[in-house]
Amino acid sequence: MRRKRAVQCAIGVIALVLLCLLVREVYLMRKGYQSVRIENSEEVAEKIRTGLGHRAYKLHITFRAHTDNEEVIKSLVDDLIEKALYESDDPTGGDYIRYQLGGYQMNYSVDRTFLAYKYKMELVPTYYSTRDQEAYVDTEVARILEELQAQDKTEEEKVRIVHDYVTELLSYDSVHKDNRNSHGKTTAYAALRYHQAVCQGYAVLSYRLLKELGVRCRIVTGDAEVNGIRERHAWLKVNVDGGVWYVDPTLDDVGGCYDWFMKTEDAFSKDHWPED
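Everything numeric here is computed off the predicted structure, so don't read it as measured data. Going along each chain's sequence as written, the residues are numbered from 1 onward. Note on the predicted model: pLDDT of at least 70 is required for a residue's local features to be given, and 80 or more for side-chain atom pairs to be given and counted; whole-chain, interface and lining totals, by contrast, use all residues. Only hydrogens and water are set aside when side-chain values are computed; all heavy atoms of the structure are taken into account.

Caption draft 1: Representation of the overall build of the protein chain in the model. Secondary structure counts use DSSP, requiring at least four H or I residues in a row for a helix and at least two E residues in a row for a strand, with both numbered from the N terminus. Counting secondary structure elements, the protein chain contains 10 helices and nine strands. Whether two residues are in contact is decided by their heavy atoms: any pair within 4.5 Å suffices. Contacts in the protein chain between residues far apart in sequence, at least 24 positions, make up 62% of those at least 6 positions apart. The Shrake-Rupley method, run with a 1.4 Å probe, gives the accessible areas here. Residue values count only the displayed protein chains as cover. A total accessible area of about 15,700 Å² is found for the protein chain, and carbon and sulfur atoms account for 49% of it.

Given below as structure tokens:
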């Protein structure tokens, strides 16, 4: 009798556990994206960041989550890449990668375990510059920094030195500005190699040099009024002496002026409209 009751009790416990797991699975499915939790997200994001920085042809990552839904996983991978592109003191990370990355293709397989799903992902990124081209950029940037001798300057002086160097070095590439399939002139490599760039190339090269000099900055994209026409554009936000200022080296170069150098947000908002 006791053995029978023990068996019945064990069966009851197992049934309760299975019921709880079923309820949990239904709950997670109904919650959709909000229910997804990667157990090793920091590790995965760091691996993605390293791979993107090295211009890896393919990225292979593995993570554990609690649902199997292709749309959810796509959003999840987008979030992982966003986490990988965090801003830090690394001049070759953050926006430097973000604005030389053209997206990715994704394949994945999933193995279901008792409590979670184990994903094996293959990401194939599209880069606007190659590994060899970035090696060229590294060499040129080191040479430029040696030439500028700006390490001991004030933050504002560093911004001015970089602004003047970039606007003196580059010419605006009007030929490719409206060609959405041509990304070469959006890169630091093209700016340094051919001395031509569109606005994004101006911004990326300026960002790289400023970060190398220890100036905190971000690349801003949106629309700007150029010669009376509103069009897609890129410029810079810099942190100098505790304040936030805006710099548009492209328009200053084209106009041969300092009209968009170290301006306030209010001043910029008259003809620059950042994305939300």
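What follows picks up the thread again.
Caption draft 2: Spatial organisation of the nonpolar core. Residues enter a nonpolar core if they are buried and are Ala, Val, Leu, Ile, Met, Phe, Trp, Tyr or Cys, with the set joined through side-chain atoms within 4.5 Å. Residue exposure (1.4 Å probe, protein chains only): buried if accessible area is under 20% of the type maximum, exposed if over 50%, otherwise partly exposed. Ranked by internal contacts, the top residues of the largest apolar core, which has 38 residues, are Val159, Leu170, Leu205, Leu209 and Leu210. Taken together, the elements giving at least two residues each to this core come down to α5 (131-148), α6 (155-169), α7 (188-194), α8 (199-212), β6 (217-226) and β7 (229-240). A total of eight residues in this core trace back to one element, the largest contributor, which is α8. Val44, Ala45, Leu80 and Leu101 belong to the second largest nonpolar core, which has 24 residues in total.

Caption draft 3: Molecular detail of the pattern of salt bridges. Salt bridge, as used here, is a side-chain nitrogen of Lys or Arg placed within 4 Å of a carboxyl oxygen of Asp or Glu. For the structure shown, the criterion picks out 19 salt bridges. For the salt bridge of Lys185 with Asp173, the shortest nitrogen-to-oxygen distance reads 3.4 Å. One end of the pair, Lys185, is in the loop between β4 (171-172) and α7; the other, Asp173, is in the loop between β4 and α7, and 12 residues separate them in sequence. The exposure class assigned to Lys185 is buried, which follows from its relative accessible area of 14%.

Caption draft 4: Local environment of the confidence of the model for the protein chain. You can read pLDDT as the predictor saying how much it trusts each residue, on a scale of 0 to 100. With 80% of its residues at a pLDDT of 70 or more, the protein chain shows a mean pLDDT of 84. Mean pLDDT across the secondary structure elements of the protein chain bottoms out at helix α1 (residues 2-31), with 45, and peaks at α6, with 98.

Caption draft 5: Representation of the environment of Gln133 within the structure. One can find Gln133 in helix α5. Considering only alpha carbons, one finds Gln133 and Ala190, 57 residues apart in sequence, at a separation of 8.8 Å. If we skip the residues at most four places from it in the chain, Gln133 touches Tyr128 and Tyr189. A 3.5 Å cut-off defines polar contacts: any pair of N or O atoms within that distance qualifies, except that in protein one atom must be a possible hydrogen donor and the other a possible acceptor, and neighbouring residues in sequence count only when both atoms are side-chain atoms. Engagement of the side chain of Gln133 in a polar contact is seen with the backbone nitrogen of Thr130, the distance being 2.9 Å.

Caption draft 6: Spotlight on the packing of aromatic side chains. Pairing of aromatic side chains here covers Phe, Tyr and the six-membered ring of Trp, requires ring centres within 6.5 Å, and sorts the geometry by plane angle: under 30 degrees stacked, over 60 edge-to-face, intermediate tilted. Evaluation of the coordinates by the stated rule reveals seven aromatic pairs. Considering the side-chain rings of Tyr172 and Tyr202, the 6.5 Å spacing of their centres and the 40 degrees angle between planes classify their relative orientation as tilted. One end of the pair, Tyr172, is in strand β4; the other, Tyr202, is in helix α8, with 30 residues separating them in the sequence. Tyr172 sits in the partly exposed class, given a relative accessible area of 26%. On the basis of relative accessibility, which here comes to 0%, the residue Tyr202 falls in the buried class.

Caption draft 7: Summary view of the side chain of Gln200. Tracing the backbone through its elements, the reader meets Gln200 in helix α8. Here Gln200 falls in the buried class, since its relative accessible area comes to 18%. Discounting chain neighbours no more than four positions away, the residues touching Gln200 are Tyr99, Tyr128, Thr186 and Ala234.

Caption draft 8: Spotlight on the pairing of strand β8 (residues 243-247). Examined bridge by bridge, β7 and β8 share five bridges and lie antiparallel to one another. Counted as the bridge partner of Val240 is Gly243 from β8. Connecting β7 to the antiparallel partner β8 that follows it, the hairpin turn spans two residues, and Asp241 within it adopts a positive phi of roughly 50 degrees. Here, strands pair whenever DSSP counts at least two bridges between them.

Caption draft 9: Highlighting the environment of Met106. With respect to the helices, strands and loops of the structure, Met106 is situated in strand β2 (residues 101-112). Setting aside its immediate chain neighbours within four residues, Met106 contacts Ile73, Lys74, Val77, Met121, Glu122 and Leu123.

Caption draft 10: Inspection of the sheet that holds strand β9 (residues 272-274) at higher detail. Pairing is antiparallel in the open sheet, where four strands are placed in the order β8-β7-β6-β9. The sheet is open, and its two edges are formed by β8 and β9, each paired on a single side. The sheet shows a mean angle of 40 degrees between the axes of neighbouring strands, taken without regard to direction. Lines fitted to C-alpha atoms define the axes, with helix axes restricted to the stretch in contact, and inter-axis angles between N-to-C directions lie between 0 and 180 degrees. On top of the sheet, α6 reaches β7 and β8; it is set at about 145 degrees to β7, its chief contact.

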